[in-house]
Each structure stands twice: as C-alpha cells, then as structure tokens.
Amino acid sequence: MAESRRGPLKSAVPSNLVSPVRRCSRTACGRPAVATLTYVYADSTAVLGPLATYAEPHCYDLCSEHSERLTAPRGWEVVRLATDTGPVRPSGDDLEALANAVREAARPQDRNRGGARDIDPMEVARRGHLRVLRSPEP
C-alpha cells in the first residue's frame, strides 16, 4: 500500500458502501435487483424482464417487491417476461465450455497444423503470428 506523510493511504470510499450487487433503482430502496424495466416509447409499452447482464443507461433495475407492484401510465401496456428470482448459477454447459476453452489454450501449438502447408526455409521459429527468419546469405 502507498504511504503518505500522514501514514497509509485510505480508500476515498469505505468498502462497506460499495457493493458488487446491483441494487433497485427506486429511491431509498437498497434491496438487490432481480428484474430490469425498459420503456418502449414508440409502442407505449413497459417491458419488465429478467435482470439484464449489464446495467444500461435507459433501463431501471428493480427489486422483487417493486417489480411485482409495477404499474404503467394510463394507455400503456406492461409486458412481463418470465423472470427467475432465484440466484443465477452456471449451468453444466457453461462449465463444460469453460473447461474446453482452458484445455484448448493449454494444448501445445502444432507447427504443421495444415499438413500440406509449405514451410518457408528462411523461417527459424514462430510465436503467434510473428516469424523469426534467417538472415539472407550474402
């Protein structure tokens, strides 16, 4: 940790105030968000669906209580997409895909992948897309 004249530097924001969990967008509500609300102004529709992967600037994250009590302006329609209020867990397919990607990255590179590919006699070694070439004979 960095030192200053007064001692160790402290974070400007105490860590107990910053949470990795997305919170409800409603004022004074600190509950965890479980759904995302989006307005489609052209269709006069409010769409309430599962929590979006990323926080979007024109969407609102809502907790379970506020998402259940949601009403739309007069003349607007509310479309409620199926939401799962339980914690999101990786599926078996996600874990298998991750394991396969790690195995592929750890596999040694085969220089003659193409089989019939001609090897340049000037090429000494290869690293990724870069090649090391012999100096031309004078």
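As a reminder, the structure under discussion sits directly above these lines.
Everything numeric in this text was worked out from a predicted model, so none of it was measured. (Residues numbered from 1 in each chain as written. Predicted model: local features only at pLDDT ≥ 70, side-chain atom pairs only at ≥ 80, totals over all residues. Heavy atoms only, no water.)

Attention now moves to the environment of Val124. If you trace the backbone, Val124 turns up in strand β7 (residues 123-127). With 10 residues separating them in the primary sequence, Val124 and Arg134 have C-alpha atoms 6.3 Å apart. (Helix = DSSP H or I, 4+ residues; strand = E, 2+ residues; numbered from the N terminus.)

Within the largest apolar cluster, 10 residues are counted, these being Cys24, Cys29, Val34, Ala35, Leu37, Ala46, Leu48, Leu62, Cys63 and Leu70. Put simply, the parts of the chain that give this core at least two residues each are β3 (35-40) and β4 (45-50). (Core = buried A, V, L, I, M, F, W, Y, C linked by side-chain atoms within 4.5 Å. Buried < 20%, exposed > 50% of the residue type's maximum accessible area, 1.4 Å probe, protein only.)

All right, on to the sheet that holds strand β5 (residues 59-62) then. Within the open sheet, the four strands sit side by side as β5-β3-β4-β6. Their pairing is mixed. Looking along the sheet, the strands with just one partner apiece sit at the ends: β5 and β6 (77-80). Pairs of neighbouring strands in the sheet enclose a mean axial angle of 25°, with direction left out of account. (Pairing = 2+ DSSP bridges. Axes fitted to C-alpha atoms, helices over the stretch in contact; angles between N-to-C directions.)

For the rest of this paragraph, the subject is the side chain of Thr45. The residue Thr45 is located in strand β4 in this model. Take Thr45: its relative accessible area is 10%, and that puts it in the buried class. Look past the residues within four positions of Thr45 in its chain and what remains in contact with it is Thr38, Tyr39, Val40, Trp76, Glu77 and Val79. (Contact = heavy atoms within 4.5 Å.)

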